[in-house]
Amino acid sequence: MRLIPGVASLCLAASLMAIEPRKSPAEYPAQGKGNDIEVGAEYTVRSFLADGHSLTIEDYLMVEVGVYPAAETMVSTERFTLRINGKDTLVAQTPGIVAASLKYPDWNQKPRVIASAGPVIFGRPQAQQRFPGDPRQTPQPRQPVPAENQTNPIDYPDLLTRTALPEGRTRKPVDGYIFFAYDGKLKAIKSVELLVDGVPMKLR
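Before going into details, it helps to say that this report is about the structure given with it. (Residues numbered from 1 in each chain as written. Predicted model: local features only at pLDDT ≥ 70, side-chain atom pairs only at ≥ 80, totals over all residues. Heavy atoms only, no water.)

### Quick notes on the overall build of the protein chain
Along its length, the protein chain carries 3 helices and 17 strands. Taken over 204 residues, the protein chain has a buried fraction of 42%. Within the protein chain, contacts between residues separated by at least 24 positions form 66% of all contacts whose residues are at least 6 apart in sequence. (Helix = DSSP H or I, 4+ residues; strand = E, 2+ residues; numbered from the N terminus. Buried < 20%, exposed > 50% of the residue type's maximum accessible area, 1.4 Å probe, protein only. Contact = heavy atoms within 4.5 Å.)

### Comments concerning the sheet that holds strand 15 (residues 174-181)
Spatially, the 8 strands line up as an open sheet ordered 4-5-8-15-11-10-16-17, and their pairing is antiparallel. Of all strands in the sheet, those bounded by a partner on one side alone are strand 4 (30-33) and strand 17 (199-202). Neighbouring strand axes in the sheet, compared pairwise and without regard to direction, differ in orientation by 35° on average. Pairing analysis gives 8 bridges linking strand 5 (residues 37-45) to strand 8 (residues 60-69), with the strands arranged antiparallel. Each bridged residue has a counterpart across the sheet, and for G40 the counterpart in strand 8 is G66. (Pairing = 2+ DSSP bridges. Axes fitted to C-alpha atoms, helices over the stretch in contact; angles between N-to-C directions.)

### Looking at the pairing of strand 6 (residues 47-50)
Of the two faces of strand 6, only the one carrying F48 and A50 is buried; S47 and L49 on the other face are not. Bridge count between strand 6 and strand 7 (residues 53-56): 4 bridges; the pairing is antiparallel. Within strand 7, the residue paired with L49 across the bridge is S54. Once strand 6 ends, the chain turns through 2 residues before running back antiparallel as strand 7, passing D51 with a positive phi of about 55°.

### A few points about the nonpolar core
Judged by nonpolar contacts, the single largest core of 25 residues is most densely connected at V63, V65, F80, L82, L194 and L203. Elements with a contribution of two residues or more to this core: strand 5, strand 8, strand 10 (80-84), strand 15 and strand 16 (192-196). Non-local contacts of L194, meaning those with residues more than four positions away in its chain, are made with A41, V63, V65, F80, T81, L82, F180, V199, P200, M201 and L203. Membership of the second largest hydrophobic core comes to 16 residues, among which are F48, Y60, V98 and A99. (Core = buried A, V, L, I, M, F, W, Y, C linked by side-chain atoms within 4.5 Å.)

### Quick look at unusual backbone geometry
Even without being glycine, D59 reaches a positive phi, approximately 75°. Positionally, D59 belongs in the loop between strand 7 and strand 8. The exposure class of D59 is buried, given its relative accessible area of 13%. Positive phi is not limited to glycine here, since D197 has a value of about 55°. Structurally, D197 can be placed in the loop between strand 16 and strand 17.

### Examining the pattern of salt bridges
Scanning the model with the defined rule gives 8 salt bridges in all. As a salt-bridge pair, R169 and E72 come within 3.0 Å of each other at their nearest N and O atoms. Of this pair, R169 sits in strand 14 (residues 167-170) while E72 sits in the loop between strand 8 and strand 9 (73-75), and the two are 97 residues apart along the sequence. On the basis of relative accessible area, E72 is assigned to the partly exposed category, the value being 32%. Measuring nitrogen to oxygen at the nearest pair gives 3.7 Å for the salt bridge that ties E72 to R171. One end of the pair, E72, is in the loop between strand 8 and strand 9; the other, R171, is in the loop between strand 14 and strand 15, and 99 residues separate them in sequence. (Salt bridge = Lys/Arg side-chain N within 4 Å of Asp/Glu carboxyl O.)

### A short note on the pairing of strand 4
The two faces of strand 4 differ: A30 and G32 on one face are buried, but Q31 and K33 on the other face are not. Sheet analysis places strand 4 next to strand 5, joined by 4 bridges and oriented antiparallel. When the bridges of strand 5 are listed, G32 appears paired with V39. Remark: 3 residues form the turn of the hairpin made by strand 4 and strand 5, two consecutive strands paired antiparallel.

Written out as structure tokens, the structure reads:
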């Protein structure tokens, strides 16, 4: 998977970095169609790889999606839902909401796991100060920082936002991640379907 700056598109609200679409939907593990688009998708469970760094977020399921329009069309995460075990339907979450759960680890009062090329950092979330004098903030012991990140720390929320599926009008293929909130146990998942404009495509 390669990352390139920008996305060739028409009036596309693209991010500063986008994932380069694969040559065709056939290069993804799963393929499907919507009203005016073909789609390739890869279910990556709770993790994704971007710019050489892997990121795992608890309480979210992730799908890399490549969208291939037949003509100029609107690309929006609202066109996608995720169906678990043939009954539970999940709506896509905005990248901003997911990024906030990383920037403020206590956002949902859940543990988080973040992994990069170095050690895995995990544990109970620490309260983060959101503004000066935030009463939620209490002194916390400093957590060890991986040596590789001390000089050039990785901005995971920014990386996540820039590799999310770009939204807007386009006639060119685009690729990015879609995030679905899910706090259930992974072992309870027997089947996963991505619905594109209501049409299901099997991911697992």
